[in-house]
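Observations on the model geometry
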Amino acid sequence: MKTAIYPGSFDPITLGHLNIIKRASICFDRLIVCVMVNSEKDEGLFSPAERVALIRQVVDRLSNVEVDSSSELVAEYARKKKACTIVKGLRAVSDYEKEVQMATLNRKLNPRLDTMFLPSGAKYTYLSSSAVKEMAWYAADLSDFLPREIIDQVNERVQQRREASKV
Ligand code: ADP
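Residues numbered from 1 in each chain as written. Predicted model: local features only at pLDDT ≥ 70, side-chain atom pairs only at ≥ 80, totals over all residues. Heavy atoms only, no water.

As a structural note, the neighbourhood of the ligand is formed by 18 residues, with Tyr6, Phe10, Gly89, Tyr124 and Ser129 the closest of them. Contact distances for the ligand include 2.9 Å between an oxygen atom and a side-chain N or O atom of Ser9. Here the ligand has 540 Å² of accessible area as a free molecule, and 88% of this is covered by the chains. In this structure, the ligand is accommodated by the largest pocket. Among the secondary structure elements, those contributing two or more residues to the shell around the ligand are β1 (3-8), α1 (15-27), β4 (85-90) and α4 (93-109). Each residue belonging to the shell around the ligand can be placed in one class, and the counts come to six nonpolar, eight polar and four charged. (Near = heavy atom within 4 Å. Polar contact = N/O pair within 3.5 Å; in protein donor to acceptor, adjacent residues only side chain to side chain. Areas by Shrake-Rupley, 256 points an atom, 1.4 Å probe, with all protein chains shown as cover. 1 Å grid on protein atoms, 1.4 Å probe; cavity = no way out; pocket = protein on both sides within 12 Å on 5 of 7 lines; lining within 4 Å. Sits in = over half its atoms within 2 Å of the grid points. Helix = DSSP H or I, 4+ residues; strand = E, 2+ residues; numbered from the N terminus. Nonpolar A, V, L, I, M, F, W, Y, C, P; charged D, E, K, R; others polar.)

Here's what the structure looks like:
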(Lines give C-alpha, C1' and ligand atoms only; values in the text may rest on other atoms or scores of the structure.)
Protein backbone atom coordinates (compact mmCIF):
# COMPACT_ATOMS: atom_id res chain seq x y z
CA MET A 1 0.00 0.00 0.00
CA LYS A 2 1.45 3.36 -1.03
CA THR A 3 0.96 6.02 1.64
CA ALA A 4 1.71 9.73 1.22
CA ILE A 5 1.72 12.59 3.72
CA TYR A 6 0.49 16.08 2.89
CA PRO A 7 1.87 18.28 5.69
CA GLY A 8 1.11 21.93 6.33
CA SER A 9 -0.33 24.41 8.77
CA PHE A 10 -3.81 24.54 7.18
CA ASP A 11 -4.89 27.52 9.29
CA PRO A 12 -7.45 27.17 7.74
CA ILE A 13 -7.64 24.72 4.81
CA THR A 14 -8.28 26.59 1.52
CA LEU A 15 -9.56 25.55 -1.92
CA GLY A 16 -5.88 25.55 -3.00
CA HIS A 17 -5.09 22.87 -0.40
CA LEU A 18 -8.23 20.91 -1.29
CA ASN A 19 -7.24 20.90 -4.96
CA ILE A 20 -3.85 19.36 -4.04
CA ILE A 21 -5.55 16.81 -1.73
CA LYS A 22 -7.95 15.63 -4.44
CA ARG A 23 -5.20 15.29 -7.05
CA ALA A 24 -2.78 13.54 -4.67
CA SER A 25 -5.46 11.16 -3.40
CA ILE A 26 -5.75 9.75 -6.92
CA CYS A 27 -2.02 8.94 -7.00
CA PHE A 28 -1.77 7.05 -3.71
CA ASP A 29 -3.66 4.30 -1.90
CA ARG A 30 -3.75 6.39 1.26
CA LEU A 31 -3.13 10.10 1.82
CA ILE A 32 -2.66 11.51 5.31
CA VAL A 33 -3.24 15.25 5.59
CA CYS A 34 -1.22 16.22 8.64
CA VAL A 35 -1.49 19.50 10.53
CA MET A 36 2.09 20.16 11.61
CA VAL A 37 2.31 21.89 14.97
CA ASN A 38 5.23 24.31 15.13
CA SER A 39 6.89 24.27 18.53
CA GLU A 40 6.32 27.59 20.33
CA LYS A 41 5.00 29.78 17.57
CA ASP A 42 1.66 28.09 17.07
CA GLU A 43 -0.60 31.05 17.76
CA GLY A 44 -2.97 30.39 14.90
CA LEU A 45 -6.50 31.47 14.10
CA PHE A 46 -7.55 27.90 14.93
CA SER A 47 -5.94 25.42 17.32
CA PRO A 48 -4.40 22.31 15.72
CA ALA A 49 -7.40 20.22 16.89
CA GLU A 50 -9.82 22.71 15.31
CA ARG A 51 -7.86 22.70 12.04
CA VAL A 52 -8.06 18.90 11.96
CA ALA A 53 -11.84 19.09 12.51
CA LEU A 54 -12.24 21.65 9.69
CA ILE A 55 -10.22 19.51 7.28
CA ARG A 56 -12.26 16.42 8.23
CA GLN A 57 -15.48 18.24 7.35
CA VAL A 58 -14.08 19.04 3.93
CA VAL A 59 -12.49 15.69 2.96
CA ASP A 60 -15.33 13.62 4.36
CA ARG A 61 -16.18 12.03 1.02
CA LEU A 62 -12.61 11.17 -0.02
CA SER A 63 -12.43 7.62 1.25
CA ASN A 64 -8.63 7.18 1.14
CA VAL A 65 -7.83 10.49 2.88
CA GLU A 66 -7.11 10.61 6.62
CA VAL A 67 -6.50 13.69 8.77
CA ASP A 68 -4.07 13.88 11.66
CA SER A 69 -1.81 16.31 13.52
CA SER A 70 1.76 15.97 14.71
CA SER A 71 4.47 17.97 16.42
CA GLU A 72 7.21 15.67 15.14
CA LEU A 73 9.55 16.20 12.24
CA VAL A 74 7.75 15.26 9.02
CA ALA A 75 10.48 12.72 8.20
CA GLU A 76 9.94 10.98 11.55
CA TYR A 77 6.16 11.10 11.25
CA ALA A 78 6.37 9.62 7.74
CA ARG A 79 8.59 6.79 8.97
CA LYS A 80 6.05 5.88 11.65
CA LYS A 81 3.18 5.93 9.16
CA LYS A 82 5.24 3.88 6.65
CA ALA A 83 4.76 6.64 4.08
CA CYS A 84 7.00 6.73 1.02
CA THR A 85 6.17 10.25 -0.18
CA ILE A 86 5.58 13.77 1.06
CA VAL A 87 3.24 15.77 -1.15
CA LYS A 88 3.74 19.52 -1.53
CA GLY A 89 1.92 22.13 -3.56
CA LEU A 90 3.99 24.72 -5.41
CA ARG A 91 2.39 28.08 -6.08
CA ALA A 92 5.22 30.23 -7.37
CA VAL A 93 8.98 30.36 -7.74
CA SER A 94 9.04 31.83 -4.24
CA ASP A 95 7.80 28.48 -2.82
CA TYR A 96 10.39 26.54 -4.80
CA GLU A 97 13.64 27.35 -3.01
CA LYS A 98 12.35 26.62 0.48
CA GLU A 99 10.50 23.50 -0.59
CA VAL A 100 13.47 21.97 -2.44
CA GLN A 101 15.65 22.64 0.59
CA MET A 102 13.13 20.90 2.85
CA ALA A 103 12.74 17.98 0.45
CA THR A 104 16.49 17.44 0.37
CA LEU A 105 16.74 17.69 4.15
CA ASN A 106 13.87 15.24 4.64
CA ARG A 107 15.50 12.77 2.28
CA LYS A 108 18.71 13.05 4.29
CA LEU A 109 16.79 12.36 7.52
CA ASN A 110 14.85 9.49 5.95
CA PRO A 111 16.43 8.16 2.72
CA ARG A 112 13.32 6.11 1.91
CA LEU A 113 11.20 9.24 1.76
CA ASP A 114 10.80 11.35 -1.35
CA THR A 115 8.85 14.54 -2.03
CA MET A 116 6.39 14.97 -4.86
CA PHE A 117 5.56 18.52 -5.96
CA LEU A 118 2.24 19.30 -7.57
CA PRO A 119 1.82 22.64 -9.31
CA SER A 120 -0.93 24.66 -7.74
CA GLY A 121 -4.28 24.56 -9.54
CA ALA A 122 -4.24 27.54 -11.95
CA LYS A 123 -7.09 29.22 -10.08
CA TYR A 124 -5.26 29.05 -6.77
CA THR A 125 -1.71 30.25 -7.39
CA TYR A 126 -2.35 33.46 -5.46
CA LEU A 127 -4.12 31.78 -2.56
CA SER A 128 -2.73 31.26 0.95
CA SER A 129 -4.31 30.81 4.37
CA SER A 130 -2.90 34.16 5.48
CA ALA A 131 -4.45 35.96 2.48
CA VAL A 132 -7.80 34.38 3.36
CA LYS A 133 -7.52 35.57 6.98
CA GLU A 134 -6.69 39.06 5.76
CA MET A 135 -9.75 39.09 3.50
CA ALA A 136 -11.99 37.70 6.23
CA TRP A 137 -10.84 40.51 8.50
CA TYR A 138 -12.39 42.97 6.04
CA ALA A 139 -15.50 40.79 5.64
CA ALA A 140 -14.79 39.99 1.97
CA ASP A 141 -16.73 37.20 0.24
CA LEU A 142 -14.70 34.02 0.78
CA SER A 143 -16.57 31.67 -1.52
CA ASP A 144 -13.84 31.62 -4.19
CA PHE A 145 -11.19 30.81 -1.59
CA LEU A 146 -12.56 28.43 1.04
CA PRO A 147 -14.53 25.18 0.93
CA ARG A 148 -18.14 26.21 1.55
CA GLU A 149 -18.50 23.91 4.58
CA ILE A 150 -16.10 26.05 6.63
CA ILE A 151 -16.78 29.63 5.47
CA ASP A 152 -19.10 30.51 8.36
CA GLN A 153 -16.73 29.08 10.96
CA VAL A 154 -13.80 31.08 9.57
CA ASN A 155 -15.81 34.30 9.37
CA GLU A 156 -17.08 33.85 12.89
CA ARG A 157 -13.60 33.27 14.35
CA VAL A 158 -12.05 36.20 12.48
CA GLN A 159 -14.84 38.55 13.57
CA GLN A 160 -14.36 37.41 17.20
CA ARG A 161 -10.66 38.27 16.91
CA ARG A 162 -11.54 41.59 15.31
CA GLU A 163 -13.88 42.48 18.17
CA ALA A 164 -11.29 41.41 20.75
CA SER A 165 -8.64 43.61 19.11
CA LYS A 166 -10.76 46.77 19.37
CA VAL A 167 -9.69 49.09 22.14
P1 ADP B 1 -0.20 28.49 3.61
O2 ADP B 1 -0.30 28.84 5.07
O3 ADP B 1 0.88 29.21 2.87
O4 ADP B 1 -1.50 28.55 2.88
P5 ADP B 1 0.43 25.72 4.42
O6 ADP B 1 1.62 25.70 5.26
O7 ADP B 1 -0.85 25.39 5.08
O8 ADP B 1 0.27 27.03 3.53
O9 ADP B 1 0.63 24.80 3.14
C10 ADP B 1 0.76 23.42 3.11
C11 ADP B 1 1.14 23.00 1.71
O12 ADP B 1 0.13 23.41 0.80
C13 ADP B 1 2.44 23.57 1.16
O14 ADP B 1 3.04 22.59 0.34
C15 ADP B 1 1.97 24.74 0.34
O16 ADP B 1 2.89 25.05 -0.67
C17 ADP B 1 0.70 24.18 -0.24
N18 ADP B 1 -0.26 25.20 -0.64
C19 ADP B 1 -0.75 26.21 0.11
N20 ADP B 1 -1.63 26.95 -0.60
C21 ADP B 1 -1.68 26.39 -1.84
C22 ADP B 1 -2.37 26.70 -3.04
N23 ADP B 1 -3.16 27.77 -3.11
N24 ADP B 1 -2.18 25.90 -4.12
C25 ADP B 1 -1.34 24.85 -4.02
N26 ADP B 1 -0.65 24.50 -2.94
C27 ADP B 1 -0.81 25.26 -1.86
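The next thing to look at is the packing of aromatic side chains. Considering all chains together, one arrives at two aromatic pairs under this definition. Centroid distance Tyr6 to Phe10: 5.2 Å. Interplanar angle 75 degrees. Geometry classified as edge-to-face. Classification of Phe10 by relative accessible area gives buried; the value is 2%. (Phe/Tyr/Trp six-rings, centres within 6.5 Å; stacked < 30°, edge-to-face > 60°. Buried < 20%, exposed > 50% of the residue type's maximum accessible area, 1.4 Å probe, protein only.)

Nonpolar side chains collect at one region of the surface, where Leu73, Leu105 and Leu109 lie side by side and expose about 290 Å² of accessible area between them. Note that Leu73 resides in the loop between β3 (65-70) and α3 (74-80). Take Leu73: its relative accessible area is 55%, and that puts it in the exposed class. (Patch = residues over 30% accessible without salt bridge, like charges linked within 9 Å, V, L, I, M, F, W, Y side chains within 5 Å. Salt bridge = Lys/Arg side-chain N within 4 Å of Asp/Glu carboxyl O.)

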